[in-house]
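Each chain, written out:
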2 protein chains.
Amino acid sequence: ELRARVIEHFARDDRLVGHRVLITAGPTREPLDPVRFITNRSTGQQGFAIAEACLAAGAQVTLVAGPVNLPTPPGAARIDVETAAQMHAAVMQQAPAHDLFIATAAVADYRAAEPAERKLKKSAETLSIELVRNPDILASVAALSERRPFCVGFAAETHDVIAYARDKLQRKRLDLICANEVGGGKGFEADDNALHVLWDAGGVELPRQGKRELANALLDVIIERYHASHGA
Amino acid sequence: ELRARVIEHFARDDRLVGHRVLITAGPTREPLDPVRFITNRSTGQQGFAIAEACLAAGAQVTLVAGPVNLPTPPGAARIDVETAAQMHAAVMQQAPAHDLFIATAAVADYRAAEPAERKLKKSAETLSIELVRNPDILASVAALSERRPFCVGFAAETHDVIAYARDKLQRKRLDLICANEVGGGKGFEADDNALHVLWDAGGVELPRQGKRELANALLDVIIERYHASHGA
């Protein structure tokens with residue numbers, strides 16, 4: 001089968017051979033009207049780099065991507081989505097068939113309560129937009145009672161990064177969380193990145209480095225914790 | 001001088017030799033917090049194609065661009081901006097030194113009244129964002145009492161395109177307006193486009209074609225109306 005041969009060709013090692021990894025990456029777009037939308041500065045680079053690292057370790061990779069300008073890593077199955085609702089649907093359909101879920105996407109927390117069908121006219125001096133919460137994709141997967149994958153989340157924060165991340169780890173019942181300082185040129189639009197990786201009983205700091213090198217270092221931690229949780 | 005030689009090299013004709021053209025292109029981004037922002041589907045393609053057409057006609061071109069993934073047309077002076085306020089400042093500084101102003105940018109009509117300094121937390125089930133009007137760049141240039149360039153606007157609409165465009169032409173005292181139907185795959189994200197070009201005493205329809213061909217057809221109309229308005 002083609003995909004098996006592609007994976008074999010690109011794999012540098014066999015640590016994830018036979019394991020299926022679902023990865024989300026990029027931003028989402030939440031329409032306000034047919035032309036305007038709310039989004040964020042995520043470029044998808046970190047998620048795509050992690051997908052490449054997983055492929056290099058022999059994994060079968062499914063990549064659910066928001067709107068990004070990045071080529072599909074060779075060997076990955078890619079599903080393109082635009083909104084958080086579309087990403088939620090794709091992930092909930094795919095998750096039970098995967099062993100690991102790595103949620104790098106910067107999913108919009110809110111969407112417009114009522115997106116306008118026609119382009120909004122700028123008649124008023126001020127305007128108020130009503131937003132409602134989007135479904136929490138990561139928490140939904142982590143709450144699966146059957147065929148729940150090992151769940152790795154990201155916490156992108158501008159302040160109190162580690163405290164928020166540890167709270168998110170416990171509240172959403174994740175296996176691992178990667179705390180990521182963003183804003184002011186850090187994280188989303190930078191070429192390098194630094195992470196604190198936390199789990200229930202510990203944590204490790206991955207210092208600032210290129211997103212590709214960081215993806216490899218992160219994957220080492222993920223694989224170690226994943227195998228530990230499965231008693232391997 | 002280098003720019004003169006570059007222009008000479010790329011010019012196909014001399015219709016705009018010695019004329020200075022200021023062009024805005026792309027979307028703007030209006031921050032809600034350090035990572036989130038409101039933007040729109042404009043890719044900047046149409047504006048960059050018009051810049052290339054102006055350069056080919058021998059013009060000196062200044063291109064004020066929002067965040068787009070496009071290379072600078074050879075010979076153009078490019079100023080990159082992110083927000084509508086930044087674009088307004090750049091244009092008002094440049095406009096008096098230019099003979100034509102072609103406003104293709106999809107400038108955000110509104111910005112957040114108070115962008116958050118920290119990333120917003122998703123504590124509430126619903127959220128209301130207060131927006132305030134941005135300055136109207138095109139109307140500001142068209143209202144210049146001295147050194148006012150010939151003003152070409154765009155009206156991107158999902159409905160009643162021509163009626164809105166004619167109203168905008170008169171209300172903002174433009175010399176020419178290009179009405180552009182957008183949404184549902186038309187306009188912003190499509191590779192081709194169609195325009196209705198309107199002026200006080202008339203109008204012409206430019207049928208659906210590639211954005212580069214359309215830019216050339218549009219420039220023919222602009223140059224004709226520009227020279228007519230100057231009695232040339």
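Source: prediction; values computed, not measured.

Participant: Sorry if this is basic, but what is going on with the pattern of salt bridges here?
Facilitator: Opposite charge on two side chains makes pairing possible when the charged atoms of those side chains draw close. Going through the model one piece at a time under the given rule, you end up with 26 salt bridges over all chains. For the salt bridge of B:Asp109 with A:Arg36, the shortest nitrogen-to-oxygen distance reads 2.3 Å. Within this pair, whereas B:Asp109 is found in the loop between strand 6 (100-103) and strand 7 (110-112), its partner A:Arg36 is found in strand 3 (residues 36-40), the two belonging to separate chains. The exposure class of A:Arg36 is buried, given its relative accessible area of 12%.

Participant: Help me understand the interface of chain A and chain B in this model?
Facilitator: The accessible area lost on association of the parts is a frequent measure of interface size. In this complex, chain A contributes 43 residues to the contact, which on the side of chain B involves 43 residues. At the junction of chain A with chain B, the criterion picks out six salt bridges. Linking chain A with chain B are 20 residue pairs in polar contact (both at pLDDT 80 or more). Sorting the residues of the side of chain A that touches chain B by element identifies strand 3, strand 8 (126-133) and strand 9 (150-157) of chain A as the ones contributing at least two each. No other element matches strand 8 of chain A, which puts eight residues into the side of chain A that touches chain B. Residues of the side of chain A that touches chain B, tallied by class, amount to 16 nonpolar, nine polar and 18 charged.

Participant: What exactly am I supposed to notice about the packing of helix 2 (residues 45-56) of chain A against helix 6 (residues 211-229) of chain A here?
Facilitator: The angle between the axes and the distance between the axes are what describe a pair of packed helices. Residue and element names in this part refer to chain A. Contact geometry of helix 2 with helix 6 gives a least axis separation of 8 Å together with a crossing angle of 55°. One element, helix 2, and the other, helix 6, form an angle in the oblique class. Considering how the two elements wind past one another, helix 2 and helix 6 form a crossing that is right-handed. From helix 2, Gln45, Gln46, Ala49, Ile50, Glu52, Ala53 and Cys54 reach across to helix 6, where they touch Lys211, Arg212, Leu214, Ala215, Asn216, Leu218 and Leu219. For the contact of helix 2 with helix 6, a count of residues per class yields eight nonpolar, three polar and three charged.

Participant: Just to check I follow, could you spell out the sheet that holds strand 5 (residues 77-80) of chain B for this structure?
Facilitator: Within a sheet, each strand pairs with its neighbour through backbone hydrogen bonds, oriented either parallel or antiparallel. Residue and element names in this part refer to chain B. Ordered by their spatial adjacency, eight strands build an open sheet running 5-4-1-6-9-10-11-12, and the pairing between neighbours is mixed. Among the strands making up the open sheet, the edge pair consists of strand 5 and strand 12 (202-210). Strand-to-strand, the axes of this sheet are offset by a mean angle of 15°, without reference to chain direction. Looking at chain direction, strand 10 (residues 176-181) and strand 11 (residues 192-199) are connected through three bridges and run antiparallel. Of the residues in strand 11, the one forming a bridge with Ile177 is Leu198. Sitting on the sheet, helix 2 (residues 45-56) is in contact with strand 1 (20-25), strand 4 (60-65), strand 5, strand 6, strand 9 (150-157) and strand 11, with an inclination near 165° to strand 1. Contacting strand 9, strand 10, strand 11 and strand 12, helix 5 (residues 161-171) crosses the sheet at an angle of about 155° to strand 10.

Participant: What is the right way to look at the relation of the copies chain A and chain B in this model?
Facilitator: Under the fitted operation, chain A is carried onto chain B by 0.0 Å of movement along the axis and a turn of 180°, and the coordinates agree to an RMSD of 0.0 Å. Here the two chains are linked by the operation of a two-fold rotation axis. Considering only C-alpha atoms, the residue of chain A closest to the rotation axis is A:Ile38, which sits at 2.2 Å. A high fraction, 100%, of the interface residues of chain A reappear at the interface in chain B, so the copies pair face to face through one surface.

Participant: Just to check I follow, could you spell out helix 3 (residues 84-94) of chain B for this structure?
Facilitator: Structural remark: α-helix, 3.6 residues per turn; residues separated by three or four positions point the same way. Residues and elements named next belong to chain B. Taken residue by residue, helix 3 has Ala84, Met87, Ala90, Val91 and Gln94 as its buried positions. Seen end-on, helix 3 carries its buried residues on one side only, within an arc spanning 125°. In this structure, the buried side of helix 3 is in contact with strand 1, strand 2 (30-31), strand 4, strand 5, strand 6 and helix 4 (137-142).

Participant: Even after reading the chapter, I still don't get the sheet that holds strand 9 of chain A, so can you show me in this structure?
Facilitator: All names here are of chain A. Read across the sheet, eight strands follow the order 5-4-1-6-9-10-11-12 without closing on themselves; strand pairing throughout is mixed. Only two strands of the sheet have a single partner each, and these edge strands are strand 5 (77-80) and strand 12 (202-210). Strand-to-strand twist in this sheet, taken as the mean axis angle between neighbours without regard to direction, amounts to 15°. Contacts between helix 2 and the sheet are confined to strand 1 (20-25), strand 4 (60-65), strand 5, strand 6 (100-103), strand 9 and strand 11 (192-199), with strand 1 contributing the most and set at about 165° to the helix.

Participant: What's the story with the packing of aromatic side chains in this structure? I'm lost.
Facilitator: What characterises a pair of aromatic rings is the spacing of the ring centres plus the angle enclosed by the ring planes. Residues and elements named next belong to chain B. Overall, the coordinates contain two aromatic pairs over all chains when judged by the stated rule. Judged by centre distance (5.6 Å) and plane angle (70°), the ring pair of Phe150 and Tyr226 falls under edge-to-face. Here Phe150 is found in strand 9, whereas its partner Tyr226 is found in helix 6 (residues 211-229), with 76 residues between them in sequence. Residue Phe150 shares its accessibility class with Tyr226, and that shared class is buried.

Participant: Teacher, can you tell me more about the state of the cysteines here?
Facilitator: A covalent bond between the sulfur atoms of two cysteines is referred to as a disulfide. A complete count under the given rule lists zero disulfides over all chains for this structure. Its sulfur unpaired, A:Cys178 is 11 Å from the next cysteine sulfur, which belongs to A:Cys54.

Participant: How do you make sense of unusual backbone geometry when you look at a structure like this?
Facilitator: Peptide bonds are, in most cases, trans, and in most cases residues other than glycine have a negative phi. The residue A:Asp160 is not glycine, and still its phi comes out positive at about 50°. By the secondary structure assignment, A:Asp160 is in the loop between strand 9 and helix 5 (161-171). For B:Arg147, which is not glycine, the phi dihedral falls at a positive 50°. Here B:Arg147 shows up in the loop between helix 4 and strand 9. The exposure class assigned to B:Arg147 is exposed, which follows from its relative accessible area of 54%.

Cut-offs and rules
- Residues numbered from 1 in each chain as written.
- Chains lettered and ligands numbered in written order.
- Predicted model: local features only at pLDDT ≥ 70, side-chain atom pairs only at ≥ 80, totals over all residues.
- Heavy atoms only, no water.
- Salt bridge = Lys/Arg side-chain N within 4 Å of Asp/Glu carboxyl O.
- Helix = DSSP H or I, 4+ residues; strand = E, 2+ residues; numbered from the N terminus.
- Buried < 20%, exposed > 50% of the residue type's maximum accessible area, 1.4 Å probe, protein only.
- Contact = heavy atoms within 4.5 Å.
- Polar contact = N/O pair within 3.5 Å; in protein donor to acceptor, adjacent residues only side chain to side chain.
- Nonpolar A, V, L, I, M, F, W, Y, C, P; charged D, E, K, R; others polar.
- Axes fitted to C-alpha atoms, helices over the stretch in contact; angles between N-to-C directions.
- Parallel < 35°, antiparallel > 145°, perpendicular 65-115°, else oblique.
- Left-handed = near helix turned anticlockwise from the far one by under 90°.
- Pairing = 2+ DSSP bridges.
- Least-squares fit on C-alpha atoms with pLDDT ≥ 70 in both.
- Arc of directions from axis to C-beta.
- Phe/Tyr/Trp six-rings, centres within 6.5 Å; stacked < 30°, edge-to-face > 60°.
- Disulfide = S-S within 2.5 Å.

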